[in-house]
Amino acid sequence: MFKLGGPMRILYAILLLCISGIARNLLENDLSTIGFCCFGDCKPEPNQEDVIDSLVPSIFKSLPTVQEKLDHPKNKFTPVIGVVNHIEVVAHSSKWNAYSSRWDDNPVLCIFDDPDWRSNRSIVVSNVDNEIAEQFTAWDNWLDSTQSVLERRATLDQLHSFSDLRFIRDSREVLTQLIKVGIKATYSYDTNSRSWKEADTTVYLYLPVITTPYYVPAKNGIENSVDLLKSLIHIPRNSKRVFFGDGFSQQVSTNQPEELDPNQLKVLPYKYSFRIPRNPIPKLHQEIGHLIREKRFSEISKAMDKIINAADSTYPIFGSALTDEDYKWLNLLSGNGIRLTPYDTLKYRESHRSLQGVASRAISIPEIYSWLDSDGAYNDILKIEDDFSRIIALNEYAFKKRSSENQKEKMAVLIEENLDKIPNQDLRHYLVKRYWNREEYGGYFSFGIGPALDFPLGGLSSYIDPGIGVSMFIGGGYKQFGAEFLMQIFPDKELKKRPEQISENTNDYIYDSFVIGLDLHYRYLNTKYWEADAYIGPTVNISRIINIDSNEKDWPVDQTSVGLDFGGTLSYFELGHVFGLRLRLGASTENATKAFDTFSLKPYTALEIIVKYNAKNKVDFDWSKYGE
């Protein structure tokens, strides 16, 4: 277990104070987007600078005072009093990611196999003059040559830790950066007169930063060994301070430098370096993976405590030991699903600082996902003894394994079948709010078209045979009630015998019928895939006999009348309930008294392609069963 003592406590205190701004942001983000404790345009956390300043007298007793820094300057930067108003990354060096898998048993660095792994190193410079760029390049080259020697002395644990803390961006590992800090100065220090002079200008400070861990010769006296260090950066913003080339003072509350007490104000460095401990997480990941492979789920709870406590001991250096997904499934399999809710009275998540942030940097345990994809996962979930954990696990498994529409229905059924097993009212409401979701169809709009076939009956059948036509509709409704505008056309039917109205050969004539109806629908079946409606409504029937050989409009018979249409439909829809096929079976009256001196019933059938838009309404859960 990693222990902290002596001067390391100071650095660790800074780590904890600057956790959101230094550790997480430096390791995860480009410096141009980092918040208060590092770099960028984000607003500082409330009172965070005040906390650091208040701790300075007690934990930074060995730091120099402002007066000592003024008396013994260590660089050419002229001390100023002012506020940082600009931070920018103006140069960086990077190389292609030259590392293998982070937590396997093989050496991490590819340099053991590829002696030219450093050859892809590149330096990018922008918005900086040539002299500064040359100085940064020279420093970067010196660092590169130094590290190439020292890293060959590193242990396998150090190589793994190095890999865990790399700064990767766009497939390239960022090695160093040059930070340009703009300070709006109100006073500058005159070394000749040893006094402060008024100023109204912006001065710039350039800070080279090593973004990856780096090696230094070990201080333990062991020859050819190295220590692995990491630098963290703290550049205060939006607060007046005395700035030096290598540090800054506590906040200055007065506008007059004569009122400062330079012997009391401490100077904090911009850069903090600390030793990287051995990362205990990978080995404990392997232990948990072994338990999952052997399905020893009852032992997972103790293994979780072990790995989270280990992560706490090195947090925030390595971040969280578990991803959110890992944390969820390990708690469910161990019967600790309550930890995933706000109703955990033991406050497990709150009691472990490594679970409070940077879980996005955690590495997944692959055995969890292999188990989820296995055939036995569902049966394993059914064996979870804790009812609450089992219900959540079943719902999460349904969500992972099924399509969105199907999983909603499946999860709703799971809740309804198991909710009475949960005596706690808060937990019941948690399950319903998170997993139960039923919807019912509200308003809808649809249209369709397809081929149709009619079957004339009675006297009408003596003159014409069944024929093929076209059926089309457009309609809408709400829930089970609706209305459709129906049109059916049955053209060009040959006459079987000559009606009285025609004296010539019947081969010169054809019979057309056209039906326009407004049907009222009632839906008596509505499932995920099927719908069935019954309908009835008035129609307007147009029937006529046409002389096909005449060059002029010759309709010996042209009749328009009112009729009745009724029938039923059966529709099958794809999963989204948008596209489907509809079978229509119905009958309508056909008034052909002028043409054939008959009034008949004409059954018909149609197969239509249907397109439908459904508006859905969320259904409220019925709590009456539970006395609520």
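Counting from 1, residues in each chain are numbered in the order their sequence is written. Where local features are concerned, this predicted model is filtered to residues with pLDDT of at least 70; where side-chain atom pairs are given and counted, the filter is 80 or more; whole-chain, interface and lining totals use all residues. Just so you know, side-chain values use all the structure's heavy atoms and leave hydrogens and water out.

> Account for the pattern of salt bridges, naming residues and giving values.
Only one rule defines a salt bridge in this text: a Lys or Arg side-chain nitrogen within 4 Å of an Asp or Glu carboxyl oxygen. Under the definition given, this model contains 22 salt bridges. A salt bridge links Arg 434 to Glu 396; the shortest N-O distance between them is 4.0 Å. Here Arg 434, found in helix 14 (residues 425-435), pairs with Glu 396, found in helix 12 (residues 387-401); they are 38 residues apart in sequence, far enough to count as distant. Look at the salt bridges and you will find they share partners, linking Glu 325, Lys 328, Glu 396 and Arg 434 into a network. Each helix is a run of H or I in the DSSP string that is no shorter than four residues. Each strand is a run of E no shorter than two, and both are numbered from the N terminus.

> Tell me about the packing of helix 7 (residues 281-293) against helix 8 (residues 300-314), and name the residues and values.
Following both chains from N to C, one finds helix 7 and helix 8 inclined at 170 degrees, their axes separated by 10 Å at the closest point. With respect to their mutual orientation, helix 7 and helix 8 come out roughly antiparallel. Across the interface between the two elements, Ile 281, Leu 284, His 285, Glu 287, Ile 288, Leu 291 and Ile 292 from helix 7 touch Ile 300, Ala 303, Lys 306, Ile 307, Ala 310 and Ala 311 from helix 8. Looking at side-chain class alone, the contact of helix 7 with helix 8 contains 10 nonpolar, 1 polar and 2 charged residues. Here, axes are lines fitted to C-alpha atoms. For helices the fit covers the stretch in contact, and angles between N-to-C directions go from 0 to 180 degrees. Here the word oblique covers every angle except those under 35 degrees (roughly parallel), over 145 (roughly antiparallel) and from 65 to 115 (roughly perpendicular). Any two residues whose heavy atoms approach within 4.5 Å are treated as being in contact. In the scheme used here, Gly and all other residues not listed as nonpolar or charged are polar, with Ala, Val, Leu, Ile, Met, Phe, Trp, Tyr, Cys and Pro taken as nonpolar and Asp, Glu, Lys and Arg as charged.

> Help me get a handle on the pairing of strand 12 (residues 439-454), residues and values and all.
One requirement defines pairing of two strands: DSSP has to find at least two bridges between them. When strand 12 meets strand 19 (residues 598-618), the two strands line up antiparallel, connected through 12 bridges. Opposite Glu 440, over in strand 19, you have Asn 617 as the bridge partner. Pairing of strand 12 with strand 13 (residues 467-478) involves 12 bridges; the strand directions are antiparallel. Its bridge partner being in strand 13, Gly 443 is matched across the sheet by Tyr 478.

> Give a description of the packing of helix 12 against helix 14 that names residues and reports values.
Two numbers describe how helix 12 lies on helix 14: the axes approach to 12 Å, and their chain directions differ by 0 degrees. For the element pair helix 12 / helix 14, the angle class is roughly parallel. Contact residues: helix 12 offers Phe 388, Ile 391, Ile 392, Asn 395 and Glu 396, while helix 14 offers Leu 427, Tyr 430, Leu 431, Arg 434 and Tyr 435. The residue inventory of the contact of helix 12 with helix 14, partitioned by class, reads 7 nonpolar, 1 polar and 2 charged.

> Would you mind going over the side chain of Asn 336 in detail, with residue names and values included?
Position of Asn 336 among the secondary structure elements: in the loop between helix 9 (324-333) and helix 10 (366-372). What qualifies as a polar contact is a pair of N or O atoms within 3.5 Å, subject to a donor-acceptor requirement within protein and to the restriction that residues adjacent in sequence count only when both atoms come from side chains. Among the polar contacts made by the side chain of Asn 336, one reaches the side chain of Ser 301 at a distance of 3.3 Å. At 3.1 Å, the side chain of Asn 336 and the side chain of Ser 334 are in polar contact.

> Can you explain the layout of surface pockets? Please cite residues and give values.
With a 1 Å grid spanning the protein atoms alone, the term cavity applies to any set of points in which a 1.4 Å probe fits but cannot get out, the term pocket to an open set with protein on both sides within 12 Å along at least five of seven lines, and the term lining residue to any residue with an atom within 4 Å of a point. Grid points are joined across faces, edges and corners, and a volume is the space filled by probe spheres set on the points. The volume enclosed by the largest pocket comes to roughly 540 Å³. Surrounding the largest pocket, 19 residues form its lining, Glu 409, Glu 439, Glu 440, Tyr 441 and Lys 528 being those nearest its centre. When contributions to the lining of the largest pocket are tallied by element, the ones reaching two or more residues are helix 13 (404-418), strand 12 and strand 15 (509-526). The element best represented in the lining of the largest pocket is helix 13, accounting for 4 residues. Grouping the amino acids of the lining of the largest pocket by side-chain chemistry returns 5 nonpolar, 4 polar and 10 charged.

> With reference to specific residues and values, describe the sheet that holds strand 7 (residues 226-233).
If you walk across this open sheet you meet the 3 strands as 6-7-11, and the pairing is antiparallel. Each edge of the sheet is formed by a strand with only one pairing partner; in this case those strands are strand 6 (214-217) and strand 11 (271-275). In this sheet, neighbouring strand axes are inclined to one another by 40 degrees on average, regardless of whether the strands run parallel or antiparallel. Two elements, strand 7 and strand 11, share 5 bridges in a ladder whose sense is antiparallel. By the bridge assignment, Leu 229 is partnered in strand 11 with Arg 275. In this fold helix 5 (residues 130-150) packs onto strand 6 and strand 7, with an angle of close to 70 degrees to the strand it touches most, strand 6.

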